[in-house]
Every structure is written in structure tokens, then in C-alpha cells.
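# Architecture and fold: a report
One letter stands for each residue in the lines below.
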Amino acid sequence: MQRTLAPGTIEIATRVLPIRAQGVTVRRDGRCVLDNIDIELGDSASTTVILGCNGAGKSLLVRVLAGLLTADTGTVSWANTLANRVRAAKIGLVFQRPVLLRRTAAANIEFALKISGTPKDKRTLRARDILEEAGISYLAQTQARELSGGEQQRLAVARALACDPDIFFLDEPASNLDPASTAALEKMLRHVKARGIPLVLITHDLGQARRLADEVIFMHRGRICERTLAAEFFREPKSPQATAFLAGEIVI
């Protein structure tokens, strides 16, 4: 799907898709926590859910792909050139606990617009539009750190969206939310996907994975065991580790 920049936005960073890892390995304390990973993401506006037990390497993989961590061996490329922080603004990131600025919700959005190159005279109006799109315009003048957990996560997504990212990485964004807040967040993520932005979501919630995933990547002990269309994965996973995981068994 072809995308256009948000009104009033100036493109100051080169695109990053596709994001590709080749032979990526990461070691911690002599232990291999990512083991020779080869993967490519962002070729379509789909939702990729990464599943696996704790310690499988899911969060670490996302951080390496997003340029937050450097692999010990192997390469990560963005749009067929080596990853670099200059283009990092084109990658949306939302974590389990959002890091918000000590200012209002609107000011958080305006700061992101400033970073993305939006002219000063257009930021206030654009921030208002983004908050309205996120369904939290009534919170515009509320201090961001006084918002509920669900409101903070929606603000974090809206702030990332203000930078017109090529792709969204989300690491357990709903793990601390109540059902109503989770539903509101998922609705917002569907809207992001409808804009043509690929989503990569880490979750332990199999219900959420079933609701949102177009495809599933299953990881175990730092390796990708399988990458399968979601319907096929939940019906008949290919790896014994994924089969055990879906059955609620302890995967060693």
C-alpha cells in the first residue's frame, strides 16, 4: 500500500523498509541469546506477532532490528543499507512501560512533530488532529504522567505515529492494561495498520495474538523456530516447541 506523509510534515529521514537481519548473533555472559538470525520485515502492511517463552530472545531481537542494540556478529540493514541512527525516527517504538515527557499530552505530540521536521506554526493543529485520531483529544492538556496506563499507551502510539514511521515495533504494550484499555489500544493498532504501516508485536496474550496477527514468528532459545501465517500457526504449528507452547506446556 502506498502511503503519503501527514499534512505539514517534512521528510527528513530516509525510509527504512525492508528491515533485514543476516546472521545476527548476540551473546551475553558467554551465552548465545540470539543465534544466527535471518529475517526480513516490512514488505507489506501486515501485523507480525512474535511469540515465545520468557527468555526466547523476542525483545532482544526487536531492539537489534530497531537499532537500539548492536549484534556481536551479522548485519542489520534498513532499506538495503546498513542501519544507522540518522533514520531511527522512521521506526515507531512502544514498550511495556511508555517513557513520556514531563509535559502535557499535546506537548508530547508537539515534541515528536518537532523532531520529525513539522514547521512550528503547524504543530499545534497537527497535534490536536493526532490526539483526536487516537481518541484522547479530551486529555490534551493533562500531564502525560498523570494519565492511566491505557491512556499513556495510546499517547505513546500517537506520539510515535506523529513521526510518520515506516514500521511499528511494540513490546508487550498491553501487558499491564485492563480489558477496556486493551480493547482501545487494539482498536488503535488496527487503525495504524489500515494506514499502511506494518506492525511487529510481541505479546504473551494468545487471545491478542489471535485477534491481531496476520503472521506469527515463534522463537525459542534465541532462534526462530517457525514463521507462519497466523491461521495456519494456530491450527497446526510446524515446530514441536510451538505445539507445546500453544498447549500450555512448559517449553524447555
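Scroll up to find the structure this text is about.
Per-chain numbering applies: the sequence of each chain, read as written, is numbered from 1 onward. In keeping with the predicted nature of the model, local features appear solely for residues at pLDDT of at least 70, side-chain atom pairs appear and are counted solely at 80 or more, and the whole-chain, interface and lining totals rest on all residues. The side-chain values count all of the structure's non-hydrogen atoms but skip hydrogen atoms and water molecules.

Before going further, it helps to spend a moment on the sheet that holds strand β2 (residues 31-41). Taken in spatial order, the four strands of this open sheet run β2-β1-β4-β5, and their pairing is antiparallel. In this open sheet, the two strands that pair with only one neighbour each are β2 and β5 (81-82). Whether two residues touch is decided by their heavy atoms; if any such pair falls within 4.5 Å, the residues are in contact. Angles here are taken between N-to-C directions and fall from 0 to 180 degrees, while the axes themselves are lines fitted to C-alpha atoms, restricted in helices to the stretch in contact. Only DSSP runs of H or I covering at least 4 residues are called helices, and only runs of E covering at least 2 are called strands; the numbering of each starts at the N terminus. Against the sheet, helix α1 (residues 58-65) contacts β1 (19-28), β2 and β4 (73-78), and its axis sits at roughly 55 degrees relative to β2. For two strands to count as paired, DSSP must find a minimum of two bridges between them.

So, on to unusual backbone geometry. The residue after L17, namely P18, is reached through a cis peptide bond having omega 0 degrees. Within the fold, P18 resides in the segment before β1. Despite not being glycine, D29 shows a phi value in the positive range, around 55 degrees. Relative to the helices and strands, D29 is located in the loop between β1 and β2.

A word on the side chain of R123. Mapped onto the secondary structure, R123 falls in helix α3 (residues 120-133). For R123, which is buried and forms no salt bridge, the nearest opposite charge comes from E110, at a distance of 6.8 Å. In the analysis that follows, any N or O atom pair within 3.5 Å is treated as a polar contact, provided that within protein one partner can donate a hydrogen and the other can accept it, and provided that, for residues neighboring in sequence, both atoms belong to side chains. There is a polar contact of 2.9 Å between the side chain of R123 and the backbone oxygen of T118. Residues in contact with R123, not counting those within four places in the same chain, are E110, L113, K114 and T118. Type-normalised accessible area, obtained with a 1.4 Å probe on protein chains alone, sets the label of each residue: buried when under 20%, exposed when over 50%, and partly exposed for intermediate values. Within this scheme the basic residues Lys and Arg register as positive and the acidic residues Asp and Glu register as negative, but His and the chain ends are omitted. In the sections that follow, a salt bridge refers to a side-chain nitrogen of Lys or Arg positioned within 4 Å of a carboxyl oxygen of Asp or Glu.

With 49 residues, the main nonpolar core has L51, I109, L155, V157, F168 and L170 as its most contacted residues. In terms of residue count, helix α4 (residues 149-162) provides more of this core than any other element does, seven residues in total. With residues near it in sequence (within four places) discarded, L51 still touches K58, T203, L206, A209, V216, I217, F218, M219, F233, F234 and F245. Here, nonpolar core refers to any group of buried Ala, Val, Leu, Ile, Met, Phe, Trp, Tyr and Cys residues whose side-chain atoms link them within 4.5 Å. Membership of the second largest hydrophobic core comes to 28 residues, among which are V33, L41, I50 and V64.

The strand order β6-β7-β8-β3-β9-β10 describes an open sheet built from six strands, whose pairing is mixed. Two strands lie at the open edges of the sheet, namely β6 (91-94) and β10 (223-229), each paired on one side alone. On average, adjacent strands in this sheet sit at an angle of 15 degrees to one another, irrespective of strand direction. Both strand β3 (residues 47-51) and strand β8 (residues 199-202) contribute to a ladder of four bridges, which runs parallel. Residue pairing across strands places I50 opposite I202, the latter belonging to β8.

A few words now on the environment of I91. Residue placement: I91 occurs in strand β6. Distance in space between the C-alpha atoms of I91 and F168 is 6.1 Å, their sequence separation being 77 residues. When near neighbours in sequence (up to four residues on either side) are disregarded, I91 contacts V16, I19, L65, A66, W78, P165, I167 and F169.

This part takes up helix α2 (residues 105-116). Each full turn of the α-helix corresponds to 3.6 residues, which orients residues three or four apart in the same direction. A helix's residues, less one, multiplied by 1.5 Å, set its expected span. Taking 1.5 Å of rise per residue, 12 residues should cover 16 Å, and α2 covers 17 Å from first to last C-alpha, within 8% of that figure. Buried within α2 we find A105, A106, N108, I109, A112, L113 and S116. Seen from one end, α2 has its buried residues packed into an arc of 160 degrees, which puts them on one side. In the stretch just after α2, G117 is the one whose phi turns positive, near 95 degrees. Taking the helix axis as origin, the arc is that swept by the directions to the C-beta atoms.

Under the criterion given, the structure shown has 12 salt bridges. D164 is the salt-bridge partner of R15, the closest N and O atoms lying 3.5 Å from each other. Of this pair, R15 sits in the segment before β1 while D164 is found in the loop between α4 and β7 (167-171), placing the two residues 149 residues apart along the sequence. Overall, the relative accessible area of 26% leaves R15 in the partly exposed class. The shortest N-O distance in the salt bridge between E40 and R20 comes to 2.8 Å.

All right, on to the pairing of β3 then. Most of β3 sits out of view: five of its five residues are buried. Alternating positions in β3 separate into two faces, T47, V49 and L51 on one and T48 and I50 on the other, with burial throughout. Two strands pair when backbone bridges link them, and β3 and strand β9 (residues 215-220) are joined in this way by four bridges, in the parallel orientation. In the sheet register, L51 faces β9, and the bridge partner there is F218.

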